[in-house]
Amino acid sequence: MAEVKERHSLLIRLGLSSDNHAITPLITFSSLSPHGDLRYALTLFSTLPIPDTFLFNTLIKALSLSQTPSTSLLFYSHMLHRSLAPNNFTFPSLIKASSLSGTVNHARQVHAHVIKFGFGSDVYALNGLAHMYVSFGLLGDARKVFDRMPERSVVSWTIMISGYAQWGLVDEALDVFEIMPQKNSVAWNAVIAAFVRSNRFREAFGLFHRMRKEEEVELDMYVAATMLSACTGVGALEMGEWIHRYVVRRGIELDSKLATSIVDMYCKCGCLDKAFEVFNGLKLKGLSSWNCMIGGFAMHGKGKDAIRLFREMEKEMVSPDSVTFVNVLSACAHSGLVEEGRYYFRYMSEVHGVEPAKEHYGCMVDLLARAGMLEEARRVIDEMPMNPDASALGALLGACKIHGKFELAEEIGKRVIELEPGNSGRYVILANIYAECGKWQEAANVRKVMNDRGVKKVPGFSMIEMEGTVNEFVAGERTHPMAQEVYAKVGEILESIKLIGYVPDNEGVLHDLAEEERESPLFYHSEKLAIAYGLLKSKPGETLRITKNLRVCKDCHQACKLISKVYECDIILRDRNRFHHFSSGNCSCNDYW
């Protein structure tokens, strides 16, 4: 800017300060450069007697990128008052400003001007309009713009596919994808990512296999990152390993996102050692990679390793953020490191200036509640500077049930239901608490409220990957092609573990509708079915890796320990909260979960 001002001074001395051609480079730099000064650019502009369309476009673009993008619309109005006609470079910035302004009326007026000034066939303007309507959730209007395009670019198709996906209309996104004449990696990534974000992993895998089979499309870094997320969602280690090998073999650039996706995949598929090996091999470790690895240690119950890695991160002069401390506190909670958790809760604000948010308070409540310090957990909730969310209250509620604090549980349970009236698990746990106290009428009332509100319970299901295919099992269902053999194997397993002391744990089973279907026998919970299938399809001693959508129940936890002992195999189970690594009759959680 100092050089700009020197040149401006020179132009004044030469009598050229009102010359558009001479002043344009100064305005362009001042308005658009990261080192510029938008106010100075506006001052320069105000001295020009006859500014041209190029200068107006430059400042409209600069204002659309500023903290107050709506001012670009006022500047456009000023341009029209000077009888200057917009051109094809004017509208992309105006459309972007309209999206950011949050005012639909402004957006529609800009759309009208695109048509009136003859740019109704300009693909850049039309793409901007479609994206603008998507940002407002007006998908019908976005589709009208899309359908009327005389020519569609890859960006046009991607906007509609991603737009539908963004608002949860995944099937509509697929419909658009199917009519796309030529599908490149960008389009494939957009539609696969849509299914991944909606947790429809099976269909995402189907599309990925179809892409590799039907189209001559190279797997690039973006599709690789998306598919690794899908592998993470279902615990598909074999597919994840294949993608990792492909990335290495083809020399695909390992940017921060892809590197983090690989580390995350190994963490969430139960291969913590491999995740740490990949992490250590990264030439450049971004903050997201550090956070991912610390979080990996946390979910595996390796609290001390998580803290050790955090200390190493500080030594590397990488500044932690809010996510870092959520992972550190979560690691303390899963490992029972109460004093360490208290220390880092203070440390985050005192040393790094990261003020605790709801997530951090939730971790502290979880940490204290798991350790049986319910009154202290209650005080943390009462002293929060913001209203506690359902996550923090839910952690305390679950601990009240475990530790038999039924009066507190009743109070907290009612508050949680009001915060999350659509979460079936909240009703179920309160009903179970009433049932355990013998308050059958109150339990029935909770169930009635749940039914009256139309709240549906979440079915428990488990997934296991064998021979490159992810198999899903739902409690008590017999839809799997090998259902007969699987159920027979479960019977064999139960007889085997009964010989070394297995006794079914019926606590809560008759009441707990959220964890498994009530009518399903205890013996046929989804993780038992997945383990039986795994034993049928694997070699003796091979590790079984299972992913479950809900928290593992006490009975299945006990059964898994005994199965690992009788069948001499490791079982790595990822439930809703954390990992359990069963080996030789023990669990990595040490029964602390």
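Thresholds, definitions, all that
Residues numbered from 1 in each chain as written. Predicted model: local features only at pLDDT ≥ 70, side-chain atom pairs only at ≥ 80, totals over all residues. Heavy atoms only, no water. UniProt positions renumbered as here; feature names shortened; annotations may be inferred. Pairing = 2+ DSSP bridges. Helix = DSSP H or I, 4+ residues; strand = E, 2+ residues; numbered from the N terminus. Contact = heavy atoms within 4.5 Å. Axes fitted to C-alpha atoms, helices over the stretch in contact; angles between N-to-C directions. Disulfide = S-S within 2.5 Å. Buried < 20%, exposed > 50% of the residue type's maximum accessible area, 1.4 Å probe, protein only. Parallel < 35°, antiparallel > 145°, perpendicular 65-115°, else oblique. Left-handed = near helix turned anticlockwise from the far one by under 90°. Nonpolar A, V, L, I, M, F, W, Y, C, P; charged D, E, K, R; others polar. Right-handed = clockwise from strand over helix to strand, strands pointing away. Patch = residues over 30% accessible without salt bridge, like charges linked within 9 Å, V, L, I, M, F, W, Y side chains within 5 Å. Areas by Shrake-Rupley, 256 points an atom, 1.4 Å probe, with all protein chains shown as cover. Salt bridge = Lys/Arg side-chain N within 4 Å of Asp/Glu carboxyl O. Phe/Tyr/Trp six-rings, centres within 6.5 Å; stacked < 30°, edge-to-face > 60°. Lys NZ or Arg CZ within 6 Å of the ring centre and 35° of its normal.

As annotated in an unreviewed UniProt entry, the protein carries the name DYW domain-containing protein and comes from Stylosanthes scabra. Per its UniProt entry, the protein bears the Sequence similarities (unreviewed entry) comment "Belongs to the PPR family. PCMP-H subfamily."

Some points on the sheet that holds strand β5 (residues 579–583)
By way of backbone hydrogen bonds, the strands of a sheet pair with one another, either parallel or antiparallel. Taken in spatial order, the six strands make up an open sheet running β2-β1-β3-β4-β5-β6, and their pairing is mixed. Single-partner strands in this sheet number two, and they are β2 (469–474) and β6 (586–587). Relative to β2, strand β1 (residues 461–466) runs antiparallel, the two being bridged by six bridges. Bridge pairing in β2 links Ser-462 to Phe-473. Across the sheet, helix α30 (residues 554–566) lies against β4 (571–574), β5 and β6, angled at about 35° from β5, the strand it touches most.

Some points on the state of the cysteines
Per the counting criterion, the structure on display carries zero disulfides. Cys-269 takes part in no disulfide bond, and the closest cysteine sulfur to it belongs to Cys-231, at a distance of 6.6 Å. Cys-292 carries a free sulfur, and the closest cysteine sulfur to it, the one in Cys-267, is 4.9 Å from it. Classification of Cys-292 by relative accessible area gives buried; the value is 11%.

What about the UniProt feature "repeat: PPR" (unreviewed entry) in the protein?
UniProt's entry tags residues 153–187 and 286–320 with the feature "repeat: PPR" (unreviewed entry), counted in the numbering of this structure. Taken end to end, residues 153–187 is 71% helix and 0% strand, and its two terminal C-alpha atoms sit 11 Å from one another. As annotated, residues 286–320 comprises 74% helix and 0% strand, and the C-alpha atoms at either end are separated by 11 Å.

Some remarks on the packing of helix α4 (residues 53–64) against helix α5 (residues 71–81)
Following both chains from N to C, one finds α4 and α5 inclined at 165°, their axes separated by 8 Å at the closest point. Compared by their axis directions, α4 and α5 come out roughly antiparallel. α5 is crossed by α4, and the crossing has right-handed handedness. Here α4 contributes Thr-53, Phe-56, Asn-57, Leu-59, Ile-60, Leu-63 and Ser-64 to the contact with α5, which in turn contributes Thr-71, Ser-72, Phe-75, Tyr-76, His-78 and Met-79. Within the contact of α4 with α5, the residues separate by chemical class into seven nonpolar, six polar and no charged.

Comments concerning the pairing of strand β3 (residues 544–548)
Burial analysis of β3 places four of its five residues in the buried class, the great majority of the element. When β1 meets β3, the two strands line up antiparallel, connected through three bridges. The residue of β3 that forms the bridge with Ile-464 is Ile-546. What joins β3 to β4 is α30, and the crossover it makes is right-handed.

Points about a nonpolar patch on the surface
A cluster of nonpolar side chains, Leu-10, Leu-14 and Leu-16, forms an exposed patch at the surface whose accessible area comes to about 260 Å². Mapping Leu-16 onto the fold places it in the loop between α1 (2–14) and α2 (20–32). Given a relative accessible area of 34%, Leu-16 falls into the partly exposed group.

Description of the packing of aromatic side chains
When we look at a pair of aromatic rings, we describe it by the centre distance and by the angle of the planes. In this structure the tally under the stated criterion is 21 aromatic pairs. Aromatic side chains Phe-310 and Phe-325 sit 5.4 Å apart centroid to centroid with 65° between the ring planes, which places their arrangement in the edge-to-face category. Of this pair, Phe-310 sits in helix α19 (residues 303–315) while Phe-325 is found in helix α20 (residues 322–335), placing the two residues 15 residues apart along the sequence. A relative accessible area of 0% means that Phe-310 is categorised as buried. A relative accessible area of 0% places Phe-325 in the buried class. Feature note: the residues Phe-310, Phe-325, Tyr-343, Tyr-344 and Tyr-347 constitute an aromatic cluster, connected by ring pairs. If you follow Arg-152 out to its NZ or CZ, it ends over the ring of Phe-146, 4.3 Å from the centre. Positioned above the aromatic ring of Phe-177, the side-chain terminus of Lys-183 is 5.3 Å from the ring centre.

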